[in-house]
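Spelled out, the chains give:
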Amino acid sequence: MSKANLLDRRQVVATLLANRKDVVAIGGLGASTNDITAAGDHPRNFYLWGGMGGAAMIGLGLALAQPKLPVLVVTGDGEMLMGMGAFATIGLQKPANLSIVVLDNECYGETGGQTSHTSVTADLVGVAKACGIADSRAISTMAEVEAFAKSVQDLSAGPRFANVKIDNAELKRILPTRDGAYVVNRLRGDLGFQPI
Ligand SMILES: Cc1ncc(C[n+]2csc(CCOP(=O)(O)OP(=O)(O)O)c2C)c(N)n1
Ligand SMILES: [Mg+2]
């Protein structure tokens, strides 16, 4: 089922994070979190092990609380479909420092590759735009990924959304720690806050 000329998810995420500077990267449950880990564990990585549908809203909360921090959510099409209402609040609040990337393999890869709505009808770029996220792009080339990675550093022009078509290859799972308290306190510490 894997189609030629679709992008490789690990290459996409490695490119997004290559010159990350201050970026906090929030991974959706499962595969996108593995991709972020594969690009290199980092105190500013926030991994979701569960909470399907919550990645964009966690990004929104952090972006509103820390407006000088570039916040990048990297999640899957299935996870974003479950939390699609997030677009409405992000489009309303318009946090300029928030960027969202969906790695769209048109399936629920983590649970066996069942086809998702984006393979047939659902257009996440259209939804994001209709919710008020003016900078919403469909990405199909690495050059576009590189341009998007640069724009993540611009804290004045967001929110922005990119739907990146990727192949549906099942890759080796590169798992980060499952210790949520450790992950949140490591991030807080790196941002200069006390542990909770
Ligand atoms: C509330 C809830 N429902 C279902 C699941 C099971 N589940 C885990 S990952 C996943 C698929 C995620 O698909 P997608 O976000 O597209 O990521 P992919 O693996 O395709 O990159 C599902 C259904 C879950 N963890 N939580
Ligand atoms: Mg998917």
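Residues numbered from 1 in each chain as written. Chains lettered and ligands numbered in written order. Predicted model: local features only at pLDDT ≥ 70, side-chain atom pairs only at ≥ 80, totals over all residues. Heavy atoms only, no water.

Enquirer: Could you give an account of the pairing of strand β4 (residues 98-104), naming the residues involved and the relevant values?
Expert: The element β4 is largely enclosed, with a buried count of 7 among its 7 residues. With burial as the criterion, each face of β4 is covered, one bearing L98, I100, V102 and D104 and the other bearing S99, V101 and L103. For strand β3 (residues 71-76) and β4, the ladder comprises 6 bridges, and the chain directions are parallel. Considered in β4, the bridge of L72 is made with S99. Sheet analysis places β4 next to strand β8 (residues 160-165), joined by 6 bridges and oriented parallel. Of the residues in β8, the one forming a bridge with S99 is R160. (Buried < 20%, exposed > 50% of the residue type's maximum accessible area, 1.4 Å probe, protein only. Helix = DSSP H or I, 4+ residues; strand = E, 2+ residues; numbered from the N terminus. Pairing = 2+ DSSP bridges.)

Enquirer: Give me the lowdown on the layout of surface pockets, citing residues and values where you can.
Expert: Its boundaries defined by the atoms lining it, the largest pocket holds a volume of some 480 Å³. Along the walls of the largest pocket sit 31 residues, with R9, A31, Y108, G109 and E110 positioned nearest its centre. Secondary-structure elements contributing two or more residues to the lining of the largest pocket are α1 (9-17), α2 (31-38), β3, α4 (77-82) and β5 (107-108). In terms of residues, the lining of the largest pocket owes the most to one element, α2, which gives 4 residues. A class-by-class count of the residues in the lining of the largest pocket yields 10 nonpolar, 13 polar and 8 charged. (1 Å grid on protein atoms, 1.4 Å probe; cavity = no way out; pocket = protein on both sides within 12 Å on 5 of 7 lines; lining within 4 Å. Points joined across faces, edges and corners; volume = space filled by probe spheres on them. Nonpolar A, V, L, I, M, F, W, Y, C, P; charged D, E, K, R; others polar.)

Enquirer: Which residues make up the nonpolar core, and what are the values?
Expert: Counting residues in hydrophobic clusters, the biggest one holds 49 residues, and the most contacted among them are V12, L16, L72, F161 and V164. In this view, L16 contacts L72, V74, V101, V145, F148 and A149; residues no more than four positions away in its chain are not counted. (Core = buried A, V, L, I, M, F, W, Y, C linked by side-chain atoms within 4.5 Å. Contact = heavy atoms within 4.5 Å.)

Enquirer: Outline the site of ligand 1, supporting the account with residue identities and numerical values.
Expert: Near ligand 1, the surroundings consist of 14 residues, among which G78, E79, C107, G109 and E110 are the closest. Taking E79, its main chain carries an N or O atom lying 2.8 Å from an oxygen atom of ligand 1. The separation between an oxygen atom of ligand 1 and a polar main-chain atom of C107 is 2.9 Å. Expressed as a share of its isolated accessible area of 600 Å², the protein-covered part of ligand 1 is 73%. If you map ligand 1 onto the pockets, it falls in the largest pocket. Secondary structure elements with two or more residues in the shell around ligand 1: α4 and β5. With 3 residues, the single largest contributor to the shell around ligand 1 is α4. Partitioning the shell around ligand 1 into residue classes produces 5 nonpolar, 5 polar and 4 charged. (Near = heavy atom within 4 Å. Polar contact = N/O pair within 3.5 Å; in protein donor to acceptor, adjacent residues only side chain to side chain. Areas by Shrake-Rupley, 256 points an atom, 1.4 Å probe, with all protein chains shown as cover. Sits in = over half its atoms within 2 Å of the grid points.)

Enquirer: Break down helix α7 (residues 142-151) for me, citing the residues and quoting the values.
Expert: Those residues of α7 that fall on the buried side of the exposure criterion are M142, V145, F148, A149 and S151. The inward-facing, buried residues of α7 abut α1, β3, β4, β7 (135-139) and β8.

Enquirer: Give a detailed account of the environment of R173, specifying residues and quantitative values.
Expert: By secondary structure assignment, the location of R173 is in the loop between β8 and α8 (180-190). A sequence separation of 21 residues divides R173 from Q194, and the C-alpha atoms of the two residues are 32 Å apart. In this structure R173 touches N34 and E110, once residues within four positions along its chain are discounted.

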